[in-house]
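Residue-level structural notes
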2 protein chains.
Amino acid sequence: MSFDRLIKKIIDTNNPTVVGLDPLIDYVPDFIKNKYFMKSDFTLEAASEAIFEFNKAIIDNIYDIVPAIKPQAAYYEMLGWRGVMVMEKTIRYAQSKGMFVMTDGKRNDIGATMTAYATAHLGCTQIGGNMIEAFGADALTVNGYLGTDGIAPLLEICEKKDKGIFVLVKTSNKSSGELQDQKIDGTPVYAVMGDMCEKWGSEQIGEYGYSSVGAVVGATYPEQLTELRKRLPHTLFLVPGYGAQGGGAEGLKGAFDKNGLGAIVNSSRAVMCAYKKEGCDEKDFAGAARREVIRMRDDINSVINK
Amino acid sequence: MSFDRLIKKIIDTNNPTVVGLDPLIDYVPDFIKNKYFMKSDFTLEAASEAIFEFNKAIIDNIYDIVPAIKPQAAYYEMLGWRGVMVMEKTIRYAQSKGMFVMTDGKRNDIGATMTAYATAHLGCTQIGGNMIEAFGADALTVNGYLGTDGIAPLLEICEKKDKGIFVLVKTSNKSSGELQDQKIDGTPVYAVMGDMCEKWGSEQIGEYGYSSVGAVVGATYPEQLTELRKRLPHTLFLVPGYGAQGGGAEGLKGAFDKNGLGAIVNSSRAVMCAYKKEGCDEKDFAGAARREVIRMRDDINSVINK
């Protein structure tokens, strides 16, 4: 339908940020790791269980002040199916605490296969007469390189089940310009992709003016953020690259509209590893995560017009 | 290092094809489905187990004449973590029969996260002092929209562990042209992406002249196949769209080089559902798959110069 559910949560918490849960096992404090490694040795199973305990504690300490989490599928897949199981458990746990969950999978394929991805991550799989949510996230990141028929199956599920997608437009990495900054009839590829997002979302615009089709635009490219905010008035931005990837709050200003809406900024490692940076007792890792989340919220709110 | 391992298998079997294992539960014959649904009701678990039995029987009936399988991650993710477990089991089972396995995941992300995907699907995850293969495929399909630093982590694993990647260049779907056919300084996006593949693979070229970086080019666009074969002399093509998506063998001619190498053609549904098309006893589904695989091999070989 639109991103209204997420935007309402952003307004309620006065916090336009999302915590990325991209847990490498090295991020987990020793006192948790050791417990599981002693139980099941150095296995994917032990690592997965340790990561779930880590994720849960972080969620418990931020759910009242942060609107959303963004699990990054790659880090769960690194642990095989056991890791993927923990991704599902993390999604459900965060939702049980009232959080909005966007799975960062950057999925993409042709129509029939994209239907399978859309079903997997946002919809219900039919088995006999049963309709079962496989992962049941609220939103999914996707890659639009394949064009409209790789996106259409997602739009259908977004409408039916009130979900959303974020399409890669201008990514935060150094070499994103190799293709994305190239010009097609004078327009950069990222803007062509952005225009497609506006078109894809045009029939699912909510009460805040944003559709169910958002865009990923990196904090590391403040000029393009500002340019795209003007160009894509109905497209909500998911903004990675704040903190660990080097982007600061000042550069984020252009991502927001005149009402202080229009973007949600991600931070992953800076939150998960806040206890390492703080140098506090590792048993206070989730408390450190909460302190970092508050610092980030205040930092970003300080540059937004409200 | 290169795609030599795969090319050797293609030569040994005289068969430039790969069977896509993209199993919807509807493709599985009733006699298998019923067995598992009776045991565990209409659950994701029962569906996953039924699909594994289905996959195994197909592999058992084709491994001596087909060089490779290509499990499509989306269809396994539809069944949640239990489906992803079956994907892993399918990969290992096919490898135990000597097959080359390319996971079709079209993964993509920025450098650090792409390292996690590369590790998950092609490499080893380190847990304490243990190095554990999470999925352990031989190759992975990826999307290059993010540019070089989204590909670099894969190149490292390709070199170290003798693996390969296929980058989306010109996809087989109808709307692939929306972005891919747009021109950058007179060159279509798909050719720009193709040129990047040549560059990425330039230091990992094997004895047949092909690097570890392949390209996905759809059978549904025979002109571009021919054009790209000439343009990208070191890039092995993975060609979807034969059969179920409408491409025929005649249009595939241009995908192959003067030695009859340079491409591997995928067929998924036409093989998995051959028993439905044939109208044979459903208990002979794997026999029907073998007959279709032979028909396809002979059809494609008939248009290749050797």
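Look up: the structure comes first, before these words.
Remember, predicted model here, so these are calculated numbers, not experimental data. (Residues numbered from 1 in each chain as written. Chains lettered and ligands numbered in written order. Predicted model: local features only at pLDDT ≥ 70, side-chain atom pairs only at ≥ 80, totals over all residues. Heavy atoms only, no water.)

What helix α1 (residues 4–13) of chain A keeps buried is the set Asp4, Leu6, Ile7, Ile10 and Thr13 of chain A. Positive backbone phi, at 50 degrees, marks Asn14 of chain A, one or two positions downstream of α1 of chain A. (Buried < 20%, exposed > 50% of the residue type's maximum accessible area, 1.4 Å probe, protein only. Helix = DSSP H or I, 4+ residues; strand = E, 2+ residues; numbered from the N terminus.)

Once that is clear, we can look at the relation of the copies chain A and chain B. Least-squares fitting of chain A to chain B yields an RMSD of 0.0 Å, with the superposition described by an axial translation of 0.0 Å and a rotation of 180 degrees. This pairing of chains is accounted for by a two-fold axis. Most of the interface of chain A is mirrored in chain B: 100% of its interface residues are interface residues there too. (Least-squares fit on C-alpha atoms with pLDDT ≥ 70 in both. Contact = heavy atoms within 4.5 Å.)

Another point: the pattern of salt bridges. Inspection of every chain in the model, using the stated rule, returns 47 salt bridges over all chains. Two residues, Glu77 of chain A and Arg107 of chain B, come together in a salt bridge whose shortest N-O distance is 3.0 Å. Of the two residues, Glu77 of chain A sits in helix α4 (residues 73–77) while Arg107 of chain B sits in strand β3 (residues 100–107), which places them in two different chains. Pair check on accessibility: Glu77 of chain A and Arg107 of chain B agree, each one buried. The salt bridge partner of Glu278 of chain B is Arg291 of chain B, with a shortest N-O separation of 2.7 Å. Here Glu278 of chain B, found in helix α12 (residues 274–278), pairs with Arg291 of chain B, found in helix α13 (residues 285–301); they are 13 residues apart in sequence, far enough to count as distant. (Salt bridge = Lys/Arg side-chain N within 4 Å of Asp/Glu carboxyl O.)

A few words on the pairing of strand β10 (residues 213–217) of chain A. Residue and element names in this part refer to chain A. Most of β10 is tucked away, with five of its five residues classed as buried. Of the two faces of β10, the one lined by Val213, Ala215 and Val217 and the one lined by Gly214 and Val216 are each fully buried. Two strands pair when backbone bridges link them, and strand β7 (residues 164–170) and β10 are joined in this way by five bridges, in the parallel orientation. The residue of β10 that forms the bridge with Lys170 is Val217. In the classification by handedness, the crossover that spans β10, the intervening helix α10 (residues 222–231) and the parallel strand β11 (residues 237–239) is right-handed. (Pairing = 2+ DSSP bridges. Right-handed = clockwise from strand over helix to strand, strands pointing away.)

So, on to the packing of aromatic side chains. In the structure shown here, the tally under the stated rule is 13 aromatic pairs over all chains. With 6.2 Å between their ring centres and 55 degrees between their planes, Phe31 of chain A and Phe285 of chain A make a pair best called tilted. Taken together, the residues span a long stretch of sequence, with Phe31 of chain A in helix α2 (residues 30–40) and Phe285 of chain A in helix α13 (residues 285–301) at a distance of 254 residues. Overall, Phe31 of chain A belongs to the partly exposed group, its relative accessible area being 30%. Members of the aromatic cluster, each reached through a chain of ring pairs, are Phe31, Phe54, Tyr275 and Phe285 of chain A. The ring of Tyr221 of chain A has Lys170 of chain A lying over it, and the distance from NZ or CZ to the ring centre is 4.0 Å. Of note, Lys56 of chain B hangs over the ring of Tyr93 of chain B, and the distance from its end group to the ring centre comes to 5.7 Å. (Phe/Tyr/Trp six-rings, centres within 6.5 Å; stacked < 30°, edge-to-face > 60°. Lys NZ or Arg CZ within 6 Å of the ring centre and 35° of its normal.)

Attention now moves to the pairing of strand β1 (residues 17–21) of chain B. Residue and element names in this part refer to chain B. Counting buried residues in β1 gives five out of five residues, a clear majority hidden from the surface. A two-sided burial pattern is seen for β1, the buried positions comprising Thr17, Val19 and Leu21 on one face and Val18 and Gly20 on the other. As defined by bridge partners, β1 adjoins strand β12 (residues 263–267) across three bridges and the pair is classed as parallel. Opposite Val18, over in β12, you have Asn266 as the bridge partner. Sheet analysis places β1 next to strand β2 (residues 68–71), joined by four bridges and oriented parallel. Within β2, the position partnered with Val19 by the bridge is Ile69.

Pairing between sheet strands relies on hydrogen bonds along the backbone, with the strands arranged either parallel or antiparallel. Residues and elements named next belong to chain A. In spatial order, the strands read β1-β2-β3-β6-β7-β10-β11-β12; together these eight strands close into a barrel with parallel pairing. On average, adjacent strands in this sheet sit at an angle of 30 degrees to one another, irrespective of strand direction. Looking at chain direction, β10 and β11 are connected through two bridges and run parallel. Bridged to Ala215 within β11 is Phe237. Most of the contacts of helix α5 (residues 80–96) go to strand β3 (residues 100–107), to which it runs at about 150 degrees, and overall it touches β1 (17–21), β2 (68–71) and β3. Its contacts with the sheet put helix α9 (residues 189–201) on β7 and β10, and the angle it makes with β7 is roughly 160 degrees. (Axes fitted to C-alpha atoms, helices over the stretch in contact; angles between N-to-C directions.)

Interface extent is often summarised as the accessible area lost during association of the parts. Contacts between the two partners involve 68 residues from chain A, matched on the other side by 68 residues from chain B. Here chain A packs against chain B, burying approximately 5400 Å² in sum over the two surfaces, 61% of which is carbon and sulfur. Joining chain A to chain B, the criterion identifies four salt bridges. Between chain A and chain B we count 39 residue pairs in polar contact (both at pLDDT 80 or more) in total. When residues of the side of chain A that touches chain B are assigned to their parent elements, the largest contribution, seven residues, is made by helix α6 (residues 111–121) of chain A. For the side of chain A that touches chain B, a count of residues per class yields 34 nonpolar, 23 polar and 11 charged. (Buried area = accessible area lost by both parts, 1.4 Å probe. Polar contact = N/O pair within 3.5 Å; in protein donor to acceptor, adjacent residues only side chain to side chain. Nonpolar A, V, L, I, M, F, W, Y, C, P; charged D, E, K, R; others polar.)

On to the side chain of Ser48 of chain B. Residue and element names in this part refer to chain B. Relative to the helices and strands, Ser48 is located in helix α3 (residues 44–62). With relative accessibility at 2%, the residue Ser48 sits in the buried group. At a separation of 3.4 Å, a polar atom in the side chain of Ser48 contacts the main-chain amide nitrogen of Gly83. In this view, Ser48 contacts Leu79, Arg82, Gly83 and Val86; residues no more than four positions away in its chain are not counted.

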